[in-house]
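An overview of the molecular structure
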Amino acid sequence: MIVKPRIRGFICTTAHPTGCRAHVDAQIASVQGRGSFPGTRGALVLGCSGGFGLASRIVAGFGCGADTIGVSFEKPPGLKRTATAGWYNNRAFEDAAKGQGRQALTFDGDAFADETRERVIAAIAKHMGQIDLLVYSLAAPVRTNPRTGEQFRSAIKPLGEPLAVKSLDVNKGEVREIVLPPADEDETAATVQVMGGEDWEWWIDALLSADVLAPGFKTVAYSYLGSDLTARIYREGTLGRAKADVDRAAAAIQSRLGDIGGEARVAVLKAIVSQASTAIPVVPLYMSILFRVMREQGSHETSIEHIDRLFRDGLYGDAIGGDKDGRLRADARELADSVQIEVRRRWDLVDSDNIGALSDLDQFRDEFLALFGFGFDGIDYDADVDPMDGT
Ligand code: NAD
């Protein structure tokens with residue numbers, strides 16, 4: 001099969017097996033280039049197949065030398081269809097980790113389901129005994145509450161008044177004003193159900209009662225606050241409500257970890273190009289400008305560099321500080337005044353004619369395609385590949 005990108009809106013429906021492997025290998029090499037450091041020895045990563053979750057699994061496995069268990073929601077290949085990118089990423093990670101003599105188990109299933117929790121806990125008990133780190137990095141559109149059977153769908157919307165705002169059509173390179181309607185109460189509550197902290201609490205409860213958490217266990221959930229430019233769609237919108245619920249859950253979990261001397265933190269991260277973030281209105285335009293400004297000012301980080309720093313300097317170091325709410329603030333470089341003032345200046349000027357000059361739109365597109373394994377040097381994208389690679 002010759003695999004080319006097939007883009008539908010903000011998703012690519014194909015993934016290149018060899019390219020995904022190259023993407024994972026490059027992230028592993030990036031971590032190895034910075035050397036090993038003491039940290040986790042056994043980690044569970046929920047949302048392990050892409051974005052910050054994959055980066056976390058790679059830093060745990062190749063920075064700290066940990067055995068890892070990952071959970072994601074990815075589709076295997078068929079005879080005439082490629083797998084999802086995350087499925088190939090998982091195979092590439094497992095091969096590389098096993099090549100280094102580390103355990104790497106991956107479960108593809110619904111992380112919100114009790115059945116998945118039971119399978120994962122059984123695997124921890126059997127293969128690892130205990131874990132000392134849980135990274136909560138799910139980004140999902142839907143959650144079925146396993147206790148009630150009720151299904152919730154998140155709505156990424158502002159609250160209160162409609163929001164008229166600039167937005168970017170990434171494929172066409174057009175900047176135009178869009179109007180986003182506000183969420184109603186049901187949509188807001190549903191988004192909290194999907195992206196809030198309840199499921200994180202339930203994972204910890206289940207792991208605690210199965211006695212598979214090691215003394216000194218740490219858990220971290222990822223969050224975003226962002227700047228004033230994205231505030232109405234993010235931190236003051238439905239997603240912000242969900243992330244406030246994650247903060248609540250961190251405090252609740254912390255109080256339950258006392259007996260094992262554990263720690264529960266929220267880490268606030270920078271914006272990166274991921275499958276989840278490109279689906280949020282406004283954010284692609286903000287990121288395209290942000291990345292250009294951060295590159296010009298020498299403070300840009302890729303997702304793997306960012307998570308590597310979070311682990312070394314934050315989770316297992318003391319160079320990244322906490323804020324008044326106890327959250328680890330790895331996002332300080334994005335929110336630096338020098339960056340935000342320049343992003344705001346460009347935001348006011350940007351239109352379809354000058355987008356190329358004011359932003360890194362081309363790199364944004366390249367990074368988006370890289371998520372699906374496209375655009376890597378040394379890969380012949382006109383050659384036949386086996387979509388079943390890794391099965
Ligand atoms: P992503 O889309 O790259 O990855 C999401 C992961 O969740 C994938 O592994 C996917 O398979 C998994 N997943 C989705 N639904 C699932 C389900 N039902 N069961 C099991 N796995 C499921 O997302 P990302 O951008 O890396 O986001 C991860 C976390 O980081 C989120 O909490 C997000 O809010 C946070 N964050 C992201 C950014 C950003 O700019 N991307 C910034 C700050 C914080």
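Residues numbered from 1 in each chain as written. Predicted model: local features only at pLDDT ≥ 70, side-chain atom pairs only at ≥ 80, totals over all residues. Heavy atoms only, no water.

**A closer look at the confidence of the model for the protein chain**
In the predicted model, the protein chain carries a mean pLDDT of 96, and 100% of its residues have values of at least 70. Confidence scores differ between elements of the protein chain, with strand S1 (residues 7-8) showing the lowest mean pLDDT of 90 and strand S3 (residues 42-46) the highest of 99. (pLDDT = per-residue confidence, 0-100. Helix = DSSP H or I, 4+ residues; strand = E, 2+ residues; numbered from the N terminus.)

**Observations concerning helix H12 (residues 337-349)**
In a regular helix each residue adds 1.5 Å, so 13 residues correspond to 18 Å; H12 covers 19 Å between its end C-alpha atoms and thus fits that length. For H12, the set of buried residues is Val339, Gln340, Glu342, Val343, Arg346 and Trp347. End-on view of H12: buried residues confined to an arc of 165 degrees, all on one side of the axis. Away from its buried face by more than 90 degrees, H12 exposes Asp337 and Ile341. (Expected span 1.5 Å × (residues − 1). Buried < 20%, exposed > 50% of the residue type's maximum accessible area, 1.4 Å probe, protein only. Arc of directions from axis to C-beta.)

**Some details on the packing of aromatic side chains**
Considering all chains together, one arrives at eight aromatic pairs under this definition. Ring centres 5.6 Å apart and planes at 80 degrees place the aromatic pair tryptophan 87 and tyrosine 88 in the edge-to-face group. An identical accessibility class is assigned to tryptophan 87 and tyrosine 88; each is buried. Where tyrosine 136 meets tryptophan 200, the ring centres are 6.3 Å apart and the plane angle is 35 degrees; that geometry is what we call tilted. Placement of tyrosine 136 in strand S6 (residues 131-136) and of tryptophan 200 in helix H6 (residues 198-209) is noted, with a sequence separation of 64 residues between them. Like tryptophan 200, tyrosine 136 is buried. Of note, arginine 91 hangs over the ring of tryptophan 87, and the distance from its end group to the ring centre comes to 4.6 Å. Its end group placed over the ring of tryptophan 202, arginine 143 keeps NZ or CZ at 5.3 Å from the ring centre. (Phe/Tyr/Trp six-rings, centres within 6.5 Å; stacked < 30°, edge-to-face > 60°. Lys NZ or Arg CZ within 6 Å of the ring centre and 35° of its normal.)

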